[in-house]
Each structure stands twice: as structure tokens, then as C-alpha cells.
Amino acid sequence: LSQSSLSMQLGQFEAFLTKKLFLREGKKLLLTEDGQHILSYAKAIFDLGEELSDSLGDRARQGKLRIQIGISSYIPKSVVDTVLQYLFEYSRSSYVNIIEKNMEQMIEDLSLHKLDMILNDFPCQTSAEDGIENHLLGKIPVLLCANKQMAKQIKRIPADLNNVPMILPTAQSNTYQAIQEYFLSKKIRPNIIAEIQDLELVRRLVLAGRGIAPINEITIRKAP
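So, here's what we can say about the structure. As the structure is a computational prediction, the values presented were derived from the model and not from experiment. (Residues numbered from 1 in each chain as written. Predicted model: local features only at pLDDT ≥ 70, side-chain atom pairs only at ≥ 80, totals over all residues. Heavy atoms only, no water.)

1. Digging into the pattern of salt bridges
In step 1: Per the stated rule, a full pass over the model turns up eight salt bridges.
In step 2: Residue aspartate 160 pairs with arginine 156 through a salt bridge whose shortest N-O separation is 3.3 Å.
In step 3: Taking the relative accessible area as the measure of exposure, aspartate 160 reaches 17% and is therefore buried.
In step 4: Between arginine 204 and glutamate 200 there is a salt bridge, with its nearest N and O atoms 3.1 Å apart. Note that arginine 204 and glutamate 200 are positioned in helix H7 (residues 199-207) at a spacing of four residues, about one turn of the helix.
In step 5: On the basis of relative accessible area, glutamate 200 is assigned to the partly exposed category, the value being 34%. (Salt bridge = Lys/Arg side-chain N within 4 Å of Asp/Glu carboxyl O. Buried < 20%, exposed > 50% of the residue type's maximum accessible area, 1.4 Å probe, protein only. Helix = DSSP H or I, 4+ residues; strand = E, 2+ residues; numbered from the N terminus.)

2. Let's talk about the sheet that holds strand S3 (residues 66-71)
By way of backbone hydrogen bonds, the strands of a sheet pair with one another, either parallel or antiparallel.
In step 1: Strands sit in the order S4-S3-S5 across an open sheet of three strands; the sheet is parallel. Of all the strands in the sheet, just strand S4 (95-99) and strand S5 (117-119) have a single pairing partner and so form its edges. Averaged over neighbouring strand pairs, the angle between their axes works out to 30° when direction is ignored.
In step 2: In the sheet, S3 pairs with S4 via five bridges, with the strands oriented parallel. Of the residues in S4, the one forming a bridge with glutamine 68 is asparagine 97.
In step 3: Packing of helix H3 (residues 77-90) onto the sheet brings it into contact with S3, S4 and S5, and relative to S3 it is tilted by some 175°.
In step 4: The strands that helix H4 (residues 103-111) touches are S3, S4 and S5; relative to S5, the one it contacts most, it runs at about 155°. (Pairing = 2+ DSSP bridges. Axes fitted to C-alpha atoms, helices over the stretch in contact; angles between N-to-C directions. Contact = heavy atoms within 4.5 Å.)

3. Points about the nonpolar core
In step 1: By size, the foremost hydrophobic cluster in this structure holds twelve residues: Ile67, Ile69, Ile71, Ile75, Val79, Val80, Val83, Leu84, Leu87, Val96, Leu119 and Ile218.
In step 2: Every element with two or more residues in this core is listed here: S3 and H3.
In step 3: Per element, the largest residue contribution to this core is five residues, and it comes from H3.
In step 4: Setting aside residues no more than four positions away along its own chain, isoleucine 75 makes contact with Val80, Leu119, Asn120 and Asp121.
In step 5: Ile154, Leu168, Tyr176 and Ile212 belong to the second largest nonpolar core, which has eleven residues in total. (Core = buried A, V, L, I, M, F, W, Y, C linked by side-chain atoms within 4.5 Å.)

Fair warning: the whole summary comes from geometry, so function is off the table for now.
Following this line, the structure appears as C-alpha cells:
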């Protein structure tokens, strides 16, 4: 659209709503409070349009269980694999769409029905109006892992964990908080040499004897 045509249509829209939507500051147009309010509805309308388009594109997959899942970066891929294996076993004709974004974006997508569920390691903090529920899928034991040579040096737990090189997940992870609480309760002062979220990288460092790391049991069982 040309600038004049766009300006005319915006003017007609304001006249139809009997609301001032824009304030002009020099060459800039800024949204008024009413403009911001209407923008949120406009975004929802366009999102529903995209959802409609997606659903039409999926008609060829009719009869399949279609599940859209958001994955937090703090969830080990071995855990995601376990959930997917269950879904495909439950319905062999399932069609699964996996998306990985930050939690704020995924919660918004969940509220707009762009996602059916989010896999995360702690509950989502949302208001009752959002209509989002938290359900515990399960609890997974976390084990302290070391290579054979380093493991031989640990005779007494927790006493021998003092000053031992330790590789932890990043601080935003629920596992990080849990292991720190364990250290505090047992009065352990480990030598933390790294904080790494990528479990495959952590596994390689542990096998190389660089340190001890807390790793969930599912990842250990599925390790090559």
C-alpha cells in the first residue's frame, strides 16, 4: 500500500472505532493506550488465521493424533525421547511437532493453542485466567557420575566429595538447585570447574576424567 492509502485506511479504522489509535511525534506514529489494546486483539486474530492455515495444511494427515510439544532447553533429550517413544507406542499414526523456544514464548503459544504441551523441569508460573495446568510426569533419579579412575578416589560419600572437581548444569536448571541443596545439607564444598547444560558435552568431560557430574538416570541408561 502507498503511504497515502495506508493513512486513509487507518483514519477510516479510527472513525469506525471512534477511538484515537495513534499519536504523531514528528515523523513517528506512536500507539495510544486504545491502540495498544486493539493491537493485542489484532495479534490474536492473525495468530488464529495462521492456526487455521496450519489446520488446513494438516487435513492430509486426518486420522492421525497430532501433538505440538514445546521443549525447554533444560530438559535432557533422553527424557524427550522417552516421552516421544511413549506417544508413538500409544498411537502409531501420531504426527508430532517439536518446538524449542524460550519459556515466555512457549507459554504464550500454549495459551493461544499453538502448542498442546510444554516439557519443562519445573512448573510454569501462570495465572488462573491463562487456563494452563501443570502435571508431574515423573521424578527421575540423578546420579553423581565419574570415570573409573576418579571413582576409585571416592571411598566415602559425602565426605570425599569435598574439593573434588565438579561439573554442574547451569544455574537456571532445577537439577542445579537440587544438587546445591544437597551439598549444603551435607556440608560439602566441591570444586566447581564448569556449569554446562549440554549433557553430551558433560558426559565426554566425565569420561575424560575432568570431574564428577550429576546426570539423570535415563540419560545414563541410554548412553552409548
